[in-house]
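# Summary of the model geometry
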Amino acid sequence: MTQPTMDPADAMAELGRVRLDEVSLDDMLARIAELAKGSIPGTREVTVTLVRDRVGWTGAFTGELARQLDEWQYEQNRGPCLDASASGDTISVPDMATEERWPTWAETARAAGVRSSLSIGLPIQGSVVGALNVYSDSVHAFDLSSIASAQGFAAYAAVALANAHLYENAATQAAQMQEAMRSRAVIEQAKGIIMGGRRCSPEEAFALLSKISQDTNRKVREVAETLVAQAAEKTQG
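All figures in this text were calculated on a predicted structure; none of them were measured in a lab.

What counts as what
Residues numbered from 1 in each chain as written. Predicted model: local features only at pLDDT ≥ 70, side-chain atom pairs only at ≥ 80, totals over all residues. Heavy atoms only, no water. Axes fitted to C-alpha atoms, helices over the stretch in contact; angles between N-to-C directions. Helix = DSSP H or I, 4+ residues; strand = E, 2+ residues; numbered from the N terminus. Parallel < 35°, antiparallel > 145°, perpendicular 65-115°, else oblique. Contact = heavy atoms within 4.5 Å. Nonpolar A, V, L, I, M, F, W, Y, C, P; charged D, E, K, R; others polar. Phe/Tyr/Trp six-rings, centres within 6.5 Å; stacked < 30°, edge-to-face > 60°. Lys NZ or Arg CZ within 6 Å of the ring centre and 35° of its normal. 1 Å grid on protein atoms, 1.4 Å probe; cavity = no way out; pocket = protein on both sides within 12 Å on 5 of 7 lines; lining within 4 Å. Points joined across faces, edges and corners; volume = space filled by probe spheres on them. Buried < 20%, exposed > 50% of the residue type's maximum accessible area, 1.4 Å probe, protein only. Polar contact = N/O pair within 3.5 Å; in protein donor to acceptor, adjacent residues only side chain to side chain. Core = buried A, V, L, I, M, F, W, Y, C linked by side-chain atoms within 4.5 Å. Arc of directions from axis to C-beta.

Here the focus is the packing of helix H3 (residues 64-76) against helix H4 (residues 80-87). Where H3 contacts H4, the axes come no closer than 8 Å and their chain directions differ by 70°. It follows that H3 is roughly perpendicular to H4 by the angle criterion. Of the residues in H4, those in contact with Asp 70, Gln 73 and Tyr 74 of H3 are Pro 80, Cys 81 and Leu 82. Considering only residue class, the contact of H3 with H4 consists of 4 nonpolar, 1 polar and 1 charged.

In structure tokens, the structure reads:
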């Protein structure tokens, strides 16, 4: 059986030291997979399944074989990682040779050298759920101690992922708001230039910007940026 290279408590502590402002959600997922592989006894490879609107995908993996076993489940819409994601439960497959719930998947796994697996549900954030999937090349690799260790790490990882998800969403919304404010500012500048040159109302100025936008198949903001840039060049000249 594969022996861990890291104490589970150390793995959770290292995960807790990850700064959300320095890593992306993808980086967090990859770190969770690597730490799980190094700390859960009996582990050969690890993947992290994510599910949104019943569509599953692998957010991180430590080996191509494990990713392929996940992909089979997504394509067939059944398997332990999907069931664990939906229920939040821990699902153990102690011996692929005798597995009856997903016999075709189990045979595929066994033919590839995987003998047992463990999937632990991860409630992440809002409509996103997932599972930590641990694969082994030994039968009955995950005893009660290993399962408890994996569940403890998964619970900690779920919190880290939820926080990373929230942080990324907040950062995205902030960037979108800043972009919207910049667009609004340049459009107002362009309207002011048109109003000054044509002696027209703000509504008429915006209508002209919109018409140019439609005629040239460009966004109103792009038309406004061009107009403001041209006005600046004239002033400098």
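Tallying each qualifying case throughout the model produces 0 aromatic pairs. Directly above the aromatic system of Phe 61 lies the positively charged group of Arg 67, at a separation of 5.8 Å from the ring centroid.

Bringing the layout of surface pockets into the picture now. Volume-wise, the largest pocket comes out at about 160 Å³. By residue class, the composition of the lining of the largest pocket is 4 nonpolar, 2 polar and 2 charged.

Moving on, we get to the environment of Glu 204. You can see Glu 204 is positioned in helix H7 (residues 202-216). Owing to a relative accessible area of 47%, Glu 204 belongs among the partly exposed residues under this scheme. Considered as a pair, Glu 204 and Lys 191 are 13 residues apart in the sequence and their alpha carbons are 8.8 Å apart. A distance of 2.9 Å separates the side chain of Glu 204 from the backbone nitrogen of Ser 201, its partner in a polar contact.

Counting residues in hydrophobic clusters, the biggest one holds 31 residues, and the most contacted among them are Leu 15, Ile 32, Val 48, Leu 122, Leu 132, Phe 153 and Leu 161. For this core, the secondary-structure elements that each account for two or more residues are helix H1 (8-16), helix H2 (25-39), strand S1 (45-52), strand S4 (116-125), strand S5 (128-136) and helix H6 (144-198). Among the elements that line this core, the one with the most residues is H6, at 8 residues. Excluding residues that lie within four positions of it along the chain, Leu 122 makes contacts with Val 48, Val 129, Gly 130, Ala 131, Leu 132, Ala 154, Ala 158 and Leu 161. Counting 15 residues, the second-largest nonpolar core is a separate cluster that includes Ala 84, Val 93, Ala 106 and Ala 109.

What follows concerns unusual backbone geometry. Of note, the phi angle at Arg 54 is positive, near 65°, even though the residue is not glycine. Relative to the helices and strands, Arg 54 is located in the loop between S1 and strand S2 (55-61). Look at Arg 54 and you get exposed, because its relative accessible area is 81%. For Asn 217, which is not a glycine, the phi torsion comes out positive at approximately 55°. Classification of Asn 217 by relative accessible area gives exposed; the value is 72%.

Before going further, it helps to examine the side chain of Ser 146. Relative to the elements of secondary structure, Ser 146 occurs in helix H6. Here the side chain of Ser 146 touches Pro 41 through a polar contact of 3.4 Å, landing on its backbone oxygen. The contact partners of Ser 146, leaving out residues within four places of it in the chain, are Ile 40, Pro 41 and Ala 141.

Of the residues making up helix H5 (residues 103-111), those classed as buried are Trp 105, Ala 106 and Ala 109. Along the axis of H5, the buried positions cluster into a sector of 100°, meaning they face one direction only. Of the residues trailing H5, Gly 113 is marked for its positive phi of about 100°.

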